[in-house]
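Listed below are the residues making up each chain.
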Amino acid sequence: MTLNRKLEESFFKYLSAIVSVLIILVLIHIVYSIIAKGASALSWEVLTQEPKGGFYMGGGGGIFNAIVGSLYLAIGATVLAFIISLPVALFINIYLIKYPRTLIGIRFFLDVLWGVPSIVFGAFGFILLMYMGMRNSLGAGIVTVAALISPIMIRAMDEVLMTIPKGLQEAAYSLGSTKTETAFKIFFRQALPGFATAILLAFGRGIGDAASVLFTAGYTDHVPEKLSDPAATLPLSIFFQLSSPIEEVQNRAFAAAIVLTFIVLIISITARLLYRKK
Amino acid sequence: MKTAIVTAEKRVEHITTEVPIMNISNLNVYSKSAHILKNINITIPKNKITVLLGPSGCGKTTLLKCMNRLTDLYSELRLDGTIEIDGQNILTERNRITEIRQKMGLVMQRPYPLPMSIYDNIAYGLKLKGVRDKNVIAEKVEKHLREVALWDEVKDRLKSSAQRLSIGQQQRLCLARGLAVEPEIILADEPTSALDPISSRVIEEQFSKLKDDYTIIMVTHILRQAKRLADYVVFMYYGEIIEHGNAADIFENPQTDILKEYMRVGH
Ligand SMILES: Nc1ncnc2c1ncn2[C@@H]1O[C@H](COP(=O)(O)OP(=O)(O)O)[C@@H](O)[C@H]1O
Ligand SMILES: [Mg+2]
């Protein structure tokens, strides 16, 4: 190697090492501050009780409404998104395989949707809500978040389906399977572990998003009992508590952040593990 | 008297050996940039092992895929000509493609077990054919696993995943799976190329036994394998059929320089 190439090589080696370390330090700092501020406020009461009167001014109670609301919302949205995404992902990989150009177009479109800021989905959901004369509710939030995470889920499933060997498809057809049978009996099973990752990925995105539920799910101090009730969510709960001038309330916001981070972390690790097992 | 009987028997045998099962005429396959198969004309005899022989890339796999319309899965391929099975041109068929494919069992270069248990791999095709009776399915699973000499190895773990079998076992399972749909024809694309010598020999032995009940069309580029198994040989080169005929004639008396050269350097 010439000296120049050696220099180039070590320059980029150190550059990428430094950047990696920086990013990890920032992440550690974020997690550390959340825990430092929130740990003291984290208590059984905070986790298991709805806000009491004057909660946002330092009154008693907890964020149970937001924890349950977020879980309802994210689970509901993930189920809905799955019902939409599964047929779409299978369809493009079984029926559209003969139309490579259409396929490229669809994938590009989904990637663009993936990149659309969630506030746009929120605004879209809100307009739809007004148009239908409905009020903020768990149901509306679920629909909006499902719209937000469907492109992610479809593309993640699509990537999994693309790795299925052509030979397996040929084996399925040569035994006399129709396209639908190949999709649901062979592709679906083969892709199942990868699908689990796709589902968790979408769930993680859904549960952490604030902007899409801001106008659509509303906010309440109570656990929703039906789809037409408004629902609180962890991101909004954090937002409202942080806006309070009282430090005790702000710390509770960080406690809520710990809970949210913990849920997302568990989901990500599970997704990783499932992916690796495959 | 005696001689008359013998000749009569001989003649009968001669006739039955020449029954055609598939008739390919003027078959051409084009991709966007190449002419992959050039004017293919052959007749495949029933209950024989026909070997498609030739160097890699000469179009053997493509020819095999035409026979059960797997070429449909490749948007870039264009076909013309006819392939007749039981007097029906399968290339123009629109609605009965699954039935056509069920007339043929496919064994591929590498085994692709379905993502399900060993048992279900074989039951799958049966269920597609409409077999519902659990006892019948169980019987056939055992019968076909025995047919490929796999039963004793897997009988205690029929419910475990087929994808965990060794590659040689997987290949035999894929053969059994193909046999279970009771095809008339077995299409095999270099079925031993991914296997160790012992598993290869097991598969070859199965093929020799199976030809009493099935017509076998096997692709190989291994000359010695072709010599061991073939009744009828089709030698291909760059998308064309160069020579075809009875194995003995072809191997003892090759006509073209290309085949002579292939036999000289082949192994
Ligand atoms: N789907 C396809 N698209 C374009 N070219 C193809 C396709 N399938 C096969 N070919 C080409 O056709 C030729 C024959 O391929 P193949 O039938 O796989 O040969 P063989 O099985 O004899 O090795 C090769 O040159 C290959 O690149
Ligand atoms: Mg080949």
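Residues numbered from 1 in each chain as written. Chains lettered and ligands numbered in written order. Predicted model: local features only at pLDDT ≥ 70, side-chain atom pairs only at ≥ 80, totals over all residues. Heavy atoms only, no water.

Draft legend 1. Structural view of the pairing of strand E2 (residues 35-45) of chain B. Residue and element names in this part refer to chain B. With seven bridges connecting them, strand E1 (residues 20-30) and E2 associate as antiparallel partners. Considered in E2, the bridge of Leu-27 is made with Ile-40. Hairpin connection from E1 to E2: four residues lie between these consecutive antiparallel strands. (Pairing = 2+ DSSP bridges. Helix = DSSP H or I, 4+ residues; strand = E, 2+ residues; numbered from the N terminus.)

Draft legend 2. Looking closely at the nonpolar core. Counting residues in each nonpolar core, the largest one holds 75 residues, and the members touching the most others are B:Met22, B:Ile24, B:Leu27, B:Leu63, B:Met67 and B:Ile217. Filtering out sequence-adjacent residues up to four positions away, B:Ile24 remains in contact with B:Ile40, B:Asn41, B:Ile42, B:Leu63, B:Met67, B:Thr82 and B:Ile83. (Core = buried A, V, L, I, M, F, W, Y, C linked by side-chain atoms within 4.5 Å. Buried < 20%, exposed > 50% of the residue type's maximum accessible area, 1.4 Å probe, protein only. Contact = heavy atoms within 4.5 Å.)

Draft legend 3. Seen up close, the domain arrangement of chain B. All names here are of chain B. If you check the domain split of chain B, you get domain 1 (5-103 + 183-266) and domain 2 (114-181). Once you take the C-alpha centre of each, domain 1 and domain 2 turn out to be 26 Å apart. Facing 13 residues of domain 1, the contacting portion of domain 2 comprises 14 residues. Both sides of the domain 1 and domain 2 interface together cover about 1100 Å² of buried area, and 68% of this is carbon and sulfur. Summed over the three residues of domain 1 that lose the most area to domain 2, namely Gln-102, Pro-183 and Gln-206, the buried surface amounts to 38% of that side. Our count for the contact surface shared by domain 1 and domain 2 stands at zero salt bridges. The interface formed by domain 1 and domain 2 includes two residue pairs in polar contact (both at pLDDT 80 or more). Per element, the largest residue contribution to the side of domain 1 that touches domain 2 is six residues, and it comes from helix H8 (residues 197-210). Here the residues of the side of domain 1 that touches domain 2 are counted per class, giving ten nonpolar, three polar and no charged. (Domains from an automatic or database assignment. Buried area = accessible area lost by both parts, 1.4 Å probe. Salt bridge = Lys/Arg side-chain N within 4 Å of Asp/Glu carboxyl O. Polar contact = N/O pair within 3.5 Å; in protein donor to acceptor, adjacent residues only side chain to side chain. Nonpolar A, V, L, I, M, F, W, Y, C, P; charged D, E, K, R; others polar.)

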